[in-house]
There are 4 protein chains.
Amino acid sequence: MRTGVWLVGARGSVATTSIVGALALRAGLTGPTGCVTELSELRGPAWPSFADLVFGGHDVAATPLAKRAEALADAGVVPARLVAALGEELAAVDDDVRPAPVDGTQADRAAAVVADLAAFRERHGLDRVVVVNVSATEPAARPHPAHADPDALAAALAAGGEVLPPSSLYAYAAFTAGCPYVDFTPSTGARLPALAALAARHAVPYAGHDGKTGETLLKSVLAPMFAMRHLAVRSWSGTNLLGGGDGATLAQPEANAAKVASKQRVLGEILGYVPQGDTRIDYVEELGDFKTAWDLITFAGFLGTGMRLEFTWHGCDSALAAPLVLDLARITAAAHAAGRHGPLTDLAFFFKDPLGPADSVPEAGAIADRTPSHALGEQWARLAAFAADLHAGAGTPPAGGAA
Amino acid sequence: MRTGVWLVGARGSVATTSIVGALALRAGLTGPTGCVTELSELRGPAWPSFADLVFGGHDVAATPLAKRAEALADAGVVPARLVAALGEELAAVDDDVRPAPVDGTQADRAAAVVADLAAFRERHGLDRVVVVNVSATEPAARPHPAHADPDALAAALAAGGEVLPPSSLYAYAAFTAGCPYVDFTPSTGARLPALAALAARHAVPYAGHDGKTGETLLKSVLAPMFAMRHLAVRSWSGTNLLGGGDGATLAQPEANAAKVASKQRVLGEILGYVPQGDTRIDYVEELGDFKTAWDLITFAGFLGTGMRLEFTWHGCDSALAAPLVLDLARITAAAHAAGRHGPLTDLAFFFKDPLGPADSVPEAGAIADRTPSHALGEQWARLAAFAADLHAGAGTPPAGGAA
Amino acid sequence: MRTGVWLVGARGSVATTSIVGALALRAGLTGPTGCVTELSELRGPAWPSFADLVFGGHDVAATPLAKRAEALADAGVVPARLVAALGEELAAVDDDVRPAPVDGTQADRAAAVVADLAAFRERHGLDRVVVVNVSATEPAARPHPAHADPDALAAALAAGGEVLPPSSLYAYAAFTAGCPYVDFTPSTGARLPALAALAARHAVPYAGHDGKTGETLLKSVLAPMFAMRHLAVRSWSGTNLLGGGDGATLAQPEANAAKVASKQRVLGEILGYVPQGDTRIDYVEELGDFKTAWDLITFAGFLGTGMRLEFTWHGCDSALAAPLVLDLARITAAAHAAGRHGPLTDLAFFFKDPLGPADSVPEAGAIADRTPSHALGEQWARLAAFAADLHAGAGTPPAGGAA
Amino acid sequence: MRTGVWLVGARGSVATTSIVGALALRAGLTGPTGCVTELSELRGPAWPSFADLVFGGHDVAATPLAKRAEALADAGVVPARLVAALGEELAAVDDDVRPAPVDGTQADRAAAVVADLAAFRERHGLDRVVVVNVSATEPAARPHPAHADPDALAAALAAGGEVLPPSSLYAYAAFTAGCPYVDFTPSTGARLPALAALAARHAVPYAGHDGKTGETLLKSVLAPMFAMRHLAVRSWSGTNLLGGGDGATLAQPEANAAKVASKQRVLGEILGYVPQGDTRIDYVEELGDFKTAWDLITFAGFLGTGMRLEFTWHGCDSALAAPLVLDLARITAAAHAAGRHGPLTDLAFFFKDPLGPADSVPEAGAIADRTPSHALGEQWARLAAFAADLHAGAGTPPAGGAA
Ligand SMILES: NC(=O)c1ccc[n+]([C@@H]2O[C@H](COP(=O)([O-])OP(=O)(O)OC[C@H]3O[C@@H](n4cnc5c(N)ncnc54)[C@H](O)[C@@H]3O)[C@@H](O)[C@H]2O)c1
Ligand SMILES: NC(=O)c1ccc[n+]([C@@H]2O[C@H](COP(=O)([O-])OP(=O)(O)OC[C@H]3O[C@@H](n4cnc5c(N)ncnc54)[C@H](O)[C@@H]3O)[C@@H](O)[C@H]2O)c1
Ligand SMILES: NC(=O)c1ccc[n+]([C@@H]2O[C@H](COP(=O)([O-])OP(=O)(O)OC[C@H]3O[C@@H](n4cnc5c(N)ncnc54)[C@H](O)[C@@H]3O)[C@@H](O)[C@H]2O)c1
Ligand SMILES: NC(=O)c1ccc[n+]([C@@H]2O[C@H](COP(=O)([O-])OP(=O)(O)OC[C@H]3O[C@@H](n4cnc5c(N)ncnc54)[C@H](O)[C@@H]3O)[C@@H](O)[C@H]2O)c1
Ligand code: NA
Ligand code: NA
């Protein structure tokens with residue numbers, strides 16, 4: 001199953017690390033640490049192999065991938081020896097990274113993306129192409145009436161309107177081209193009714209939002225611990241210090257707000273109440289891709305006794321994100337091959353702000369699904385069941401049409 | 001369902017906090033924070049109410065409970081106003097705290113305990129008495145042939161032998177008196193083949209070992225997180241600083257070794273390998289009952305990138321332990337009422353070193369159950385199922401005989 | 001030497017803790033932990049004894065001191081037994097706490113303060129009254145031409161102008177009444193040319209700004225360590241979480257800005273360069289007066305190797321501040337008695353943002369003094385020399401007139 | 001002033017980093033970060049330039065320096081580009097690294113060392129050779145009567161006795177060869193009356209013990225802070241986790257004990273009392289040369305309020321130690337050139353367990369010097385004065401004979 005992985009933001013840190021890693025895996029130069037699809041509980045025939053993944057993408061930047069990879073090696077994110085060994089392969093991928101379309105109307109740019117996706121699929125003889133958004137985080141989108149349904153949207157675009165944020169325009173193009181779409185960022189992406197309906201119409205699955213790699217990952221195991229022990233969390237304050245391209249973007253108040261909001265939902269959902277305290281993101285250039293998150297949690301136990309937990313997480317964001325990008329590409333491709341479509345709510349395990357049933361286009365008579373849990377253990381169980389299902393069906397021709 | 005709770009080590013910090021808390025709950029002076037049996041997922045008709053719990057116990061110390069409670073109030077473990085309000089009730093419980101038998105042979109002492117338990121049951125018209133060991137941690141027991149089966153044990157005791165460590169002698173007496181037994185400490189307790197068989201013979205359930213309240217609790221959610229994310233834990237080092245009676249005991253190398261061993265098993269079981277690093281327990285008198293645990297975890301992600309997590313836990317040990325003691329008393333009483341017997345492996349949620357199927361006396365043709373998981377989420381699921389079962393059966397007369 | 005201590009913000013946490021502490025010291029109920037004037041290196045005959053201190057002050061709040069003290073006891077800031085023992089003494093001080101004047105023009109309010117100070121001095125037969133500002137932090141003052149010199153200021157006030165922020169109005173009144181003035185807050189206080197000149201005219205000393213009790217205290221010993229070891233600090237990021245009245249005030253952006261600015265100056269001055277990173281102050285009600293500060297410092301050593309230090313400070317702000325308030329009152333009173341006047345730059349040890357020579361009114365032909373160091377060790381040496389000087393002169397009648 | 005630097009343990013991490021660094025400095029490939037002799041306050045004409053330093057040494061290991069340097073580059077301790085650029089220079093130094101003598105009696109081995117030192121000096125036309133012990137930490141030495149005076153020692157050695165630990169045998173050889181000696185380790189080294197007298201006889205200076213690079217460095221600024229603020233330190237507990245050769249050595253209980261003892265003296269001396277708590281050193285191979293130290297300090301402030309500070313230090317031990325090794329070589333060479341001899345107590349700034357006046361051979365009528373302070377600020381002031389003195393005299397021919 002030859003599978004295209006089209007990265008929006010293909011020259012960014014996460015994308016570059018994903019590509020270096022996949023090429024290194026294919027060449028047998030590294031192991032799959034961090035890739036959950038290689039865990040014994042999730043492994044199986046439904047996934048395309050790493051060797052089956054073919055990379056391309058869009059970016060507004062023009063730095064060659066090999067140069068980005070060297071910068072990441074200097075920063076300690078990827079091993080220098082891998083970058084040195086993979087120079088040719090990286091250059092080959094570079095040929096499939098296209099400049100993000102900038103000319104004409106949004107409709108023109110969407111059409112250019114659709115054409116790029118089709119050409120990529122054809123050029124490499126791919127069974128399907130999964131579009132993964134790993135570009136810079138956008139500010140929250142401004143509401144627009146055209147977001148409400150696909151026809152209004154088509155009309156607005158046809159009329160030359162600039163109605164979608166970039167992440168949504170990519171989702172629009174992906175769906176139009178019959179491609180699954182994964183949003184690894186907190187941007188709007190496919191989260192508009194018009195796009196949900198469009199995905200349904202094209203029978204493609206999509207997943208998101210915002211890869212869960214640091215502080216929120218910890219929240220998703222620690223908050224359930226407090227809940228299961230009936231301990232009352234009084235305050236939960238977090239500070240995230242990071243540099244890198246993502247850090248620079250998040251230093252801008254609007255992007256920061258989008259990210260912080262997606263971090264805050266988790267606690268309320270798991271605990272059933274929102275403790276005091278805020279989450280901060282601060283840009284510290286010197287830290288580069290190595291993020292330091294510090295959280296202080298104060299809680300009360302039996303008879304009201306006050307206690308506290310604090311943790312410091314020194315994580316390399318791209319090293320945490322990249323294997324998940326590969327996992328998501330593999331799983332979403334397999335889901336598509338199996339004829340799944342609509343929001344893949346079973347992939348909540350990967351996301352800070354997972355798509356829930358509210359994101360589905362309700363079919364007539366459908367019964368509302370339970371809210372997606374933010375607790376990692378429950379998310380894991382759902383993911384394992386989903387994977388088992390796909391593996392069980394692998395080989396059998398899917399009911400509904402693949403790309 | 002009037003239920004006796006007989007605390008071995010009844011004048012210790014954990015016991016005193018449990019008693020103060022239960023009395024305060026009964027008087028409506030506090031809420032059940034920290035009591036998991038009061039969570040909506042676990043609540044139900046099978047539990048005896050807090051008002052139905054009647055306390056007694058053994059201790060080698062003679063300090064009145066009210067005085068111990070005042071010391072705990074001064075140390076910030078329990079609120080002073082509760083201790084002030086409960087003076088009379090504490091004095092009443094004091095009447096049911098007996099000096100730990102010291103005279104005669106082990107057989108004599110066991111008989112004295114059996115007599116104390118019977119008298120307590122009778123005096124208060126109790127449906128059953130759950131014996132909970134919260135006395136000081138013992139060094140690991142020396143092996144003895146009499147540990148192998150109940151008849152050898154009976155013979156050795158009858159011959160005047162001193163063959164059991166104190167925690168096991170209490171378990172022996174409890175089973176002999178038809179009482180369920182819970183070991184909240186890492187001591188040997190019921191973990192001897194002779195005692196397992198004795199419990200089976202008397203059809204009583206038992207639970208243990210070593211209440212999970214701090215560093216190990218965190219390990220039981222953080223280690224699964226690393227495992228579920230396929231991150232390779234390279235080292236996990238822990239330092240526990242604590243004062244109090246328990247700290248003083250654990251400062252003695254033998255007791256320390258017993259405790260540390262029970263802490264170390266968790267990681268290997270969850271991760272499938274044992275990372276580098278040790279766990280330390282150091283006595284710092286000044287910290288009293290407020291333990292500080294610091295753990296450093298180093299791990300590798302995708303492409304081998306090194307990262308780290310460190311946490312500091314400032315927990316009040318007795319405030320964390322006491323509600324679990326009440327929970328265990330309630331659940332074990334309900335299990336007994338429902339005719340359950342043998343090791344309650346479904347209570348792994350509560351323990352650092354939970355009883356597993358290996359602790360059962362295998363019945364003919366029985367198939368070995370899976371190892372008990374140390375992952376908190378899985379333990380929670382088993383506990384919830386166990387509770388649901390007991391609640392479903394509550395009211396119906398149990399199949400197998402209660403005390 | 002009977003010395004009045006007039007606290008602006010007399011019902012706040014710092015003021016109440018200072019008063020409780022001084023009364024407890026006088027009654028022999030506690031020791032002088034935290035009071036640097038009682039260290040062997042600083043002790044001596046120049047200080048008024050604790051028993052010689054008489055308290056009064058202004059506040060906009062009306063809660064009786066005993067009630068504030070009880071609240072502080074509940075929060076663990078002061079021992080409940082002290083508050084219980086000092087009820088009468090606290091009530092007596094209450095009689096000397098006046099409502100902050102609110103009626104009329106600024107000139108009227110200044111006159112009312114002057115009258116209150118004079119009446120207090122007379123009522124208790126005091127040798128002098130030191131005014132200490134421990135009221136809520138103000139936003140930075142708006143510049144006004146009347147700030148430039150005392151005559152312009154007098155004219156503007158006489159004309160009914162509202163030209164001074166409250167902290168400066170108190171300083172104006174203090175100087176007018178011949179009283180030394182200490183600013184324990186980051187507010188403007190005496191830091192206006194007009195007020196510096198007024199202090200010179202009345203020959204009174206003054207000190208400030210912003211008591212150094214937490215993160216900045218640590219900076220003032222850690223930053224010199226890095227400097228002395230020639231290690232290159234790359235980033236220094238700080239997060240301060242606190243509740244209490246002060247936390248609530250600082251949650252307001254303007255006050256926050258004033259405080260953060262005074263925290264940031266320290267690093268640049270000590271290191272000779274400003275590392276990356278910011279300092280944050282966040283309000284977390286639940287933390288009350290117990291502030292948690294977390295700092296991450298990244299630095300480079302030999303050959304550029306990157307390293308890091310992080311610390312967490314769990315300090316009780318009022319317990320740290322109160323003994324320094326008593327120290328400052330004693331030292332400033334002694335300085336006044338010794339005829340010192342103008343900015344007491346030798347008291348930099350106590351402050352985040354110490355007064356330097358730039359704050360002096362330069363006399364004709366005066367040579368500019370060196371910048372005050374922010375390094376605690378140097379500040380300590382200057383303080384010790386200053387104290388030695390005062391003690392050496394104690395007993396000798398001062399050259400220039402006391403109040 | 002061509003100066004030999006003879007490293008005992010020349011192939012260890014600290015030695016290799018020192019050599020790489022000095023060669024890189026000479027080649028203009030790096031700057032002097034971490035070298036305190038290059039700070040404006042300490043710089044001056046007395047120091048030999050980095051280009052004047054010539055390296056040699058002894059080691060029991062045979063791995064070429066370039067290979068050790070590559071391993072350190074892989075571990076992130078030194079930059080790979082420096083190692084690559086300095087291959088030839090490292091190989092040249094290798095020629096001057098001799099196998100540690102192992103044959104014959106201790107007297108024979110001492111003579112071999114003396115011969116090696118003389119040959120090194122001659123071969124390179126050196127003004128003097130400073131011997132610096134950076135070999136593995138030894139267990140504490142067993143007392144022996146021959147330690148008491150040089151004649152007894154000479155006699156015991158002549159009789160074929162094995163009476164000195166290795167570090168002391170090197171000191172003996174250094175002094176005999178007229179070379180200054182620096183002990184960067186906690187081993188016995190020159191700290192024997194016989195050796196102190198021998199140094200006096202040969203008029204050579206010596207310095208030590210145990211380079212201060214991590215937790216103790218922090219203690220030497222934080223403990224004075226608590227002292228200067230009159231805060232009562234209740235407990236100070238430390239955990240040091242490290243790998244590397246030094247970590248492996250310190251994992252052996254005897255070496256560990258020597259190191260921990262030298263760490264503990266600091267607090268008592270600075271605070272005037274010894275708080276509760278212990279310091280631990282644990283070996284965690286995976287951490288390599290990057291040590292993590294975590295310290296918890298609990299303290300009481302005004303009215304007894306309990307507070308706490310905790311810090312985590314992630315330091316690269318060799319990167320912290322190496323520039324100090326260069327500093328010590330330069331300063332000790334300058335001291336020797338200036339005719340100083342005996343224990344250089346003014347170098348306490350560099351050491352965990354600095355030589356004090358007790359280590360001097362008291363001259364008739366000499367007045368006991370004050371104890372060396374462990375407070376970094378005071379140590380700095382002494383060092384600066386010492387440097388100023390040497391610089392002032394630089395150029396003038398020293399009174400007493402240089403090598
Ligand atoms: N690394 C993690 O752990 C993690 C976790 C969750 C989410 N994310 C998200 O992943 C995204 C990528 O992170 P990163 O660290 O790689 O950031 P980055 O800044 O290194 O990369 C972003 C890339 O997107 C490109 N880009 C910007 N606008 C574009 C556009 N309109 N079209 C095409 N390309 C565009 C940029 O040129 C850049 O190359 C961010 O949005 C981040 O918030 C990352
Ligand atoms: N608090 C926690 O979080 C926690 C968690 C897991 C396990 N535990 C275990 O719980 C136990 C109690 O802890 P604690 O803090 O209350 O300790 P503690 O020292 O305050 O109390 C122990 C009590 O046991 C009594 N005792 C000692 N030997 C006895 C004997 N032979 N018979 C009867 N009584 C005896 C002592 O007199 C004392 O009153 C310890 O073994 C501890 O390891 C506690
Ligand atoms: N506690 C510390 O460690 C520390 C350190 C440095 C500076 N400070 C400063 O000390 C001050 C007091 O801190 P706190 O914790 O006691 O705060 P708080 O809020 O408890 O007390 C402030 C008091 O000032 C009173 N007040 C407000 N406006 C006033 C006015 N115009 N006239 C008279 N009284 C007025 C308030 O009613 C209140 O009682 C703050 O400015 C704080 O920033 C405190
Ligand atoms: N790195 C620091 O921050 C620091 C601080 C204080 C003290 N120290 C001390 O410095 C010393 C060196 O540390 P390291 O990390 O380089 O250790 P290391 O183990 O890497 O190096 C020690 C070297 O000494 C050699 N050696 C052992 N016995 C010898 C002998 N008898 N004669 C000659 N050589 C011998 C070994 O072969 C090895 O090459 C240790 O004693 C350590 O405790 C280091
Ligand atoms: Na911490
Ligand atoms: Na930390």
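The following refers to the structure shown.

Cut-offs used in this document
- Residues numbered from 1 in each chain as written.
- Chains lettered and ligands numbered in written order.
- Predicted model: local features only at pLDDT ≥ 70, side-chain atom pairs only at ≥ 80, totals over all residues.
- Heavy atoms only, no water.
- Phe/Tyr/Trp six-rings, centres within 6.5 Å; stacked < 30°, edge-to-face > 60°.
- Helix = DSSP H or I, 4+ residues; strand = E, 2+ residues; numbered from the N terminus.
- Buried < 20%, exposed > 50% of the residue type's maximum accessible area, 1.4 Å probe, protein only.
- Lys NZ or Arg CZ within 6 Å of the ring centre and 35° of its normal.
- Near = heavy atom within 4 Å.
- Polar contact = N/O pair within 3.5 Å; in protein donor to acceptor, adjacent residues only side chain to side chain.
- Areas by Shrake-Rupley, 256 points an atom, 1.4 Å probe, with all protein chains shown as cover.
- Nonpolar A, V, L, I, M, F, W, Y, C, P; charged D, E, K, R; others polar.
- Domains from an automatic or database assignment.
- Pairing = 2+ DSSP bridges.

### Description of the packing of aromatic side chains
Then, in step 1: What the rule picks out here adds up to 38 aromatic pairs over all chains.
Then, in step 2: Ring geometry for Trp294(A) versus Trp294(C): centroids 5.3 Å apart, planes at 0°, classification stacked. Within this pair, whereas Trp294(A) is found in strand 9 (residues 290-300), its partner Trp294(C) is found in strand 9 (residues 290-300), the two belonging to separate chains. In this structure, Trp294(A) and Trp294(C) share a single accessibility class: buried.
Then, in step 3: A ring pair is formed by Phe299(A) and Trp313(B), whose centres lie 5.3 Å apart and whose planes are at 35°; its orientation type is tilted. You can see Phe299(A) sitting in strand 9 and its partner Trp313(B) sitting in strand 10 (residues 306-316), one on each of two chains. Each member of the pair, Phe299(A) together with Trp313(B), is buried.
Then, in step 4: Taken together, the aromatic side chains of Phe226(A), Trp236(A), Phe299(A) and Trp313(B) make up a single cluster linked through ring pairs.
Then, in step 5: Against the face of Phe349(B) rests Arg229(A), its NZ or CZ located 4.7 Å from the ring centre.

### Focus on the site of ligand 4
Residue and element names in this part refer to chain D.
Then, in step 1: The full set close to ligand 4 counts 26 residues, and Val-14, Asp-59, Ser-135, Thr-137 and Thr-213 are the nearest of them.
Then, in step 2: Here an oxygen atom of ligand 4 sits 3.0 Å away from a polar atom, N or O, in the main chain of Ser-13.
Then, in step 3: Thr-137 places a polar side-chain atom, nitrogen or oxygen, 2.8 Å from an oxygen atom of ligand 4.
Then, in step 4: A total of 840 Å² of accessible area belongs to ligand 4 in isolation, and the protein chains cover 88% of it.
Then, in step 5: Those elements giving two or more residues to the shell around ligand 4 turn out to be helix 1 (13-26), strand 2 (53-59), helix 10 (244-250) and helix 12 (317-337).
Then, in step 6: Broken down by class, the residue content of the shell around ligand 4 amounts to nine nonpolar, 10 polar and seven charged.
Then, in step 7: Counting only domains with at least three residues in the shell around ligand 4, you end up with domain 1 (3-211 + 319-395) and domain 2 (222-315).

### Thoughts on the pairing of strand 7 (residues 232-242) of chain C
Residue and element names in this part refer to chain C.
Then, in step 1: Buried residues dominate strand 7, accounting for nine of its 11 residues.
Then, in step 2: Note: strand 7 against strand 9, nine bridges, orientation antiparallel. From the neighbouring strand, Ala-232 faces strand 9, where its bridge partner is Ala-300.
Then, in step 3: As paired elements, strand 7 and strand 8 (residues 279-283) share five bridges and run parallel to each other. The residue bridging Leu-242 from the neighbouring strand is Tyr-283, located in strand 8.

Scope: geometric values only; no functional claims are made or implied.
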